[in-house]
Amino acid sequence: MNGFKKLCVLAALSALPFTAACKPPKYIKYNSESGDFTAQVPWGWSVYLDRQGDDYYSYTFVGPFDPEFHRGVPTLQARWYGKDRVRTLPDGAVEAYSTPREFVERTLRDLYGPDRALKVEPHPISVSGWEATHFVVLAPMEVPGTMRFGVSEEAGSKKTVVLRQHAYVVVPMDTGFYVLIYPATRAGFDKYEDRFNNLVNSFRALKDGPGGPSLKP
């Protein structure tokens, strides 16, 4: 199934009546459609799924409007990439990755380019019992001058840019890997960094990918 599918609107839950002594929680447990992972996500955020069978998917959790984010939209993402599985991109191009290391290297090179800087160098962390790789990249992206949110003027030029500060955690599995992403801007990064950290710390892989076998607890 290609394209985005709106699974539910977590924001609707926040419309439920609460008494002054019973405030909504900061996070809510989210179970993936295929039952392959669970994680705590921000209460009140919407979630969309873009899926290409069991080869690739991307859950996008969308927060409230914030003018310091690109297009005014703060998001968190949880993706799955099957090993050597071909993914079709929106422009019709295709991509595939053999290893998490290849994903990290090509993402830094191809997506962020030579003007990138590593705010946090790739280093190992433990996620759901697996040795994952965490890094944060800082890189400008030129955008049309008509864009209003999350933009700034590049010093010494008239270019309008989004100064991306994106955090990644890549979690290896036997048949592919998960990627948790916080695609923020430098100006907005601190606002929802705690939500990303909670997503990472609460992430639990239950299966080896959406079509894989269950993992031992």
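How each quantity is defined
Residues numbered from 1 in each chain as written. Predicted model: local features only at pLDDT ≥ 70, side-chain atom pairs only at ≥ 80, totals over all residues. Heavy atoms only, no water. Helix = DSSP H or I, 4+ residues; strand = E, 2+ residues; numbered from the N terminus. Buried < 20%, exposed > 50% of the residue type's maximum accessible area, 1.4 Å probe, protein only. Contact = heavy atoms within 4.5 Å. Areas by Shrake-Rupley, 256 points an atom, 1.4 Å probe, with all protein chains shown as cover. 1 Å grid on protein atoms, 1.4 Å probe; cavity = no way out; pocket = protein on both sides within 12 Å on 5 of 7 lines; lining within 4 Å. Points joined across faces, edges and corners; volume = space filled by probe spheres on them. Nonpolar A, V, L, I, M, F, W, Y, C, P; charged D, E, K, R; others polar. pLDDT = per-residue confidence, 0-100. Polar contact = N/O pair within 3.5 Å; in protein donor to acceptor, adjacent residues only side chain to side chain. Salt bridge = Lys/Arg side-chain N within 4 Å of Asp/Glu carboxyl O. Pairing = 2+ DSSP bridges. Axes fitted to C-alpha atoms, helices over the stretch in contact; angles between N-to-C directions.

**Notes on the overall build of the protein chain**
The helix and strand tally for the protein chain stands at three helices and 14 strands. Within the protein chain, buried positions represent 43% of all 217 residues. Counted over contacts in the protein chain with a minimum sequence separation of 6, partners at least 24 positions apart contribute 53%. In the form shown here, the protein chain has an accessible surface area of approximately 11,400 Å², with 52% of it arising from carbon and sulfur atoms.

**Section: the layout of surface pockets**
When its volume is computed, the largest pocket comes out at roughly 1,200 Å³. Put simply, the parts of the chain that give the lining of the largest pocket at least two residues each are strand S4 (46-52), strand S5 (56-62), strand S6 (75-82), strand S7 (87-88), helix H2 (100-112), strand S12 (160-172) and strand S13 (176-185). Of the residues contributing to the lining of the largest pocket, the split by class is 19 nonpolar, 12 polar and nine charged.

**Observations regarding the confidence of the model for the protein chain**
Looking at the protein chain as a whole, the pLDDT averages 89, with 88% of positions reaching at least 70. Across residues 11-20, confidence stays below pLDDT 50; counting only partners more than four residues off in sequence or on other chains, it has 10 contacts.

**Description of the environment of His166**
Here His166 is to be found in strand S12. With relative accessibility at 11%, the residue His166 sits in the buried group. C-alpha of His166 to C-alpha of Leu138: the two residues are 28 residues apart in sequence and 6.6 Å apart in space. Residues contacting His166, with those up to four places away along its chain left out, are Tyr112, Phe135, Val136, Val137, Tyr182, Pro183 and Ala184. At 2.7 Å, the side chain of His166 and the side chain of Tyr112 are in polar contact.

**So, unusual backbone geometry**
Notably, Asp84 is not glycine yet its phi reads approximately 60 degrees, a positive angle. Structurally, the position occupied by Asp84 is in the loop between S6 and S7. Unlike most non-glycine residues, Ser128 shows phi in positive territory, near 55 degrees. Structurally, the position occupied by Ser128 is in the loop between strand S9 (117-127) and strand S10 (130-142).

**Thoughts on the pattern of salt bridges**
By the definition in use, this model includes 11 salt bridges. Its salt-bridge partner being Asp55, residue Arg85 comes within 3.7 Å of it at the nearest N-O pair. Here Arg85, found in the loop between S6 and S7, pairs with Asp55, found in the loop between S4 and S5; they are 30 residues apart in sequence, far enough to count as distant. Take Asp55: its relative accessible area is 27%, and that puts it in the partly exposed class. Ionic pairing is found between Asp194 and Arg195, a salt bridge with its closest N-O pair at 3.3 Å. For Asp194, a relative accessible area of 29% gives the class partly exposed. Linked through salt bridges whose partners overlap, the residues forming this network are Lys26, Asp194 and Arg195.

**Here's the deal with the environment of Arg71**
Here Arg71 shows up in the loop between S5 and S6. Take Arg71: its relative accessible area is 56%, and that puts it in the exposed class. Each C-alpha atom, one on Arg71 and one on Val151, is 8.8 Å from the other, the two residues being 80 residues apart in sequence. The contact partners of Arg71, leaving out residues within four places of it in the chain, are Met147 and Phe149.

**Quick look at the sheet that holds strand S2 (residues 27-31)**
The sheet built from three strands is open, its strands ordered S2-S3-S14 with antiparallel pairing. The open sheet has two edge strands with one neighbour each: S2 and strand S14 (204-205). Here two bridges tie strand S3 (residues 37-42) to S14, and the two strands are oriented antiparallel to one another. Residue Phe37 lies in a different strand from S14, and its bridge partner there is Ala205. Relative to S3, helix H3 (residues 189-202) is tilted by about 160 degrees, and along the sheet it contacts S2, S3 and S14.

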